[in-house]
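# Results of the structural survey
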Amino acid sequence: MPRKRSTDDGDELLARLGSLTAQARERAELQRTQVELAIELQRGMLPRDLPCVPGLHLAVRYAPATYGLNVGGDWYDAFVLPDGRIGLSIGDVQGHNIEAAAFMGQVRAGLRALASVTSEPGELLARTNELLLSLGSELFATCIFMRLDPATGVLESARAGHIPFVWATGDGKSGVVDDEGGPPLGIEPGTAYPVTRHRLTTGGVFVLLTDGVVEGPSLNIEDGLDQVVRLAGIAAVAGLEAHALASAVIKGAESVGHEDDAAVLVVGVDGPGIEP
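From a predicted model like this one, the values you see are computed outputs, not experimental measurements.

Take the overall build of the protein next. Helices and strands together make up the secondary structure of the protein, namely five helices and nine strands. If you list the helices and strands of the protein from N to C, you get α-β-β-β-α-α-β-β-β-β-β-α-α-β. For the protein, with 276 residues in total, the buried portion stands at 48%. A sequence separation of at least 24 residues applies to 73% of the contacts in the protein between residues at least 6 apart. Counting only carbon and sulfur atoms, one obtains 54% of the accessible surface of the protein, whose full area is about 13,200 Å².

Right under this line is the structure:
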């Protein structure tokens, strides 16, 4: 009799282990499917093509989060405005799930739609802020929007809680743009976003990025930005293509130890510099 009970207990234990293993496999498959869905959702909402503008060289790199269910809402965009100037944006939605990825699409679409009404960066961010508040979502987004006039070299930018962009010139100067900025989009009604103006000379580069590129458990944001400043300075002096710089910057993101999305948008200008 004892031998019989031992056999029965063993069979029951194996059956339970088999059931738990099957459930674990189902959960893992569900998680994998959710991550793949979110990544495809992200990629589908990002622009397929970038504008081709004489004298400008645009390049992007995007690395989605791949740890567990951490799928964020980073985006980049570049498009021709109705008056022929170029609109550039990059941003990051709070959160790391499918909802954040979907909200990213709403923010990017809202920016594009409102840019057909006003492309002045400060006013555009203010209107986008009100639009997001009207949606009633608990999410918010950080963002930079730029308006670049290739004919005059005038670059106007406004920042909503996002990290500032990096610049470099062909004569060896480089740094992080010092501007005032405003709070993230979708938090406070009636917010104003100051506009900073620059004049592009011929040449140089500037780099827009999200915090997943420069901040993480292994690297603080100051050191991460310094790393991008060095890369941009080397690229500008050496005359490297925008695509080469974008690849180097996104490669450097591996050192931050992050589990977040990472996005980079590089604009290269023919000739020797950008005046911050």
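The next thing to look at is the layout of surface pockets. What the largest pocket holds in volume is close to 160 Å³. Residue lining of the largest pocket: 14 residues in total, with G204, V205, L240, G268 and V269 positioned closest to the centre. Mapped by element, the contributors of at least two residues to the lining of the largest pocket are β8 (195-209), α4 (221-238) and β9 (262-275). Broken down by element, the lining of the largest pocket gets its largest block of residues, four residues, from β9. For the lining of the largest pocket, the per-class residue count stands at six nonpolar, six polar and two charged.

Let's shift gears to the side chain of T196. Locating T196 in the fold gives a position in strand β8. Excluding its chain neighbours within four sequence positions, the residues that come into contact with T196 are L155, E156, S157 and D179.

Turning next to the side chain of T191. For T191, the position within the fold is in the loop between β7 (174-176) and β8. A polar side-chain atom of T191 sits 2.7 Å from the main-chain carbonyl oxygen of E188. The residues touching T191, leaving out its near neighbours within four places in the chain, are A126, N129, E130 and P183.

With that settled, consider the environment of S255. One can find S255 in the loop between α5 (242-252) and β9. You can call S255 partly exposed: its relative accessible area is 38%. Sequence separation of S255 and G224 is 31 residues, and the distance between their C-alpha atoms is 9.1 Å. In contact with S255, other than residues within four places in its own chain, are S218, L219 and Q227.

Under the definition given, this model contains three aromatic pairs. Ring centres of F165 and F206 lie 5.7 Å apart, and the angle between their planes is 55 degrees; this geometry places the pair in the tilted category. Here F206 lies in strand β8 and F165 lies in the loop between β5 (154-160) and β6 (166-168), a separation of 41 residues in the sequence. For F165, a relative accessible area of 2% corresponds to the buried category.

Now for a negative patch on the surface. Together, E215, E222, D223 and D226 line one region of the surface with negative charge. With respect to the helices and strands, E222 occurs in helix α4. Since its relative accessible area comes to 49%, E222 is described here as partly exposed.

Let us look at the environment of A235. With respect to the helices and strands, the residue A235 is situated in helix α4. Residues A235 and G172 lie 63 residues apart in sequence; the distance between their C-alpha atoms is 9.6 Å. Setting aside residues up to four positions removed in sequence, A235 forms contacts with L240 and L245.

Moving on to the packing of helix α2 (residues 98-115) against helix α3 (residues 121-135). Viewed as axis vectors pointing N to C, α2 and α3 meet at an angle of 135 degrees, and their least axial separation amounts to 10 Å. Judged by the inter-axis angle, α2 sits oblique to α3. Both α2 and α3 take part in a crossing whose hand is right-handed. Listed contacts from α3 to F103, Q106, V107, G110, L111, L114 and A115 of α2 are L124, L125, R127, T128, L131, L132 and L135.

Procedures and definitions
Within each chain, residue numbers correspond to sequence positions counted from 1 in written order. Since the coordinates come from a predicted model, pLDDT governs what is reported: local features require at least 70, and pairs of side-chain atoms require 80 or more to be given and counted, while whole-chain, interface and lining totals use all residues. Values reported for side chains reflect all heavy atoms of the structure, with hydrogen atoms and water molecules removed beforehand. Labels follow the DSSP assignment, with helices taken as runs of H or I lasting at least four residues and strands as runs of E lasting at least two, numbered in each case from the N terminus. Each residue is placed in one exposure class: buried if its accessible area under a 1.4 Å probe, protein chains only, is under 20% of its type's maximum, exposed if it is over 50%, and partly exposed if it falls in between. The contact criterion used is simple: two residues touch if any of their non-hydrogen atoms lie within 4.5 Å. To be clear on the numbers: accessible area is Shrake-Rupley with a 1.4 Å probe, and residue cover counts the displayed protein chains and nothing else. Space inside and on the surface of the protein is sampled on a 1 Å grid over the protein atoms alone, with a cavity defined as a set of points where a 1.4 Å probe fits but cannot get out and a pocket as an open set with protein on both sides within 12 Å along at least 5 of 7 lines; lining residues have an atom within 4 Å of a point. Grid points are joined across faces, edges and corners, and a volume is the space filled by probe spheres set on the points. Each residue is assigned to one of three groups, with Ala, Val, Leu, Ile, Met, Phe, Trp, Tyr, Cys and Pro labelled nonpolar, Asp, Glu, Lys and Arg labelled charged, and all others, Gly among them, labelled polar. What qualifies as a polar contact is a pair of N or O atoms within 3.5 Å, subject to a donor-acceptor requirement within protein and to the restriction that residues adjacent in sequence count only when both atoms come from side chains. Pairs were defined over the aromatic rings of Phe, Tyr and Trp, the Trp ring being its six-membered one, requiring ring centres within 6.5 Å. Orientation was assigned from the angle between planes: stacked under 30 degrees, edge-to-face over 60, tilted for the rest. Each patch is built from salt-bridge-free residues with over 30% relative accessible area, joining like charges within 9 Å and nonpolar side chains (Val, Leu, Ile, Met, Phe, Trp, Tyr) within 5 Å. In what follows, salt bridge is the name for a side-chain nitrogen of Lys or Arg lying within 4 Å of a carboxyl oxygen of Asp or Glu. In summary, the charge assignment counts Lys and Arg as positive and Asp and Glu as negative, without counting His or the chain termini. In this description, the location of a charge corresponds to atom NZ of lysine, CZ of arginine, CG of aspartate or CD of glutamate. Note on geometry: axes are C-alpha line fits, over the in-contact stretch for helices, and angles between N-to-C directions span 0 to 180 degrees. Angles below 35 degrees are treated as roughly parallel, those above 145 as roughly antiparallel, those between 65 and 115 as roughly perpendicular, and all remaining angles as oblique. Left-handed describes a crossing in which the near helix is turned anticlockwise from the far one by less than a right angle; the clockwise case is right-handed.

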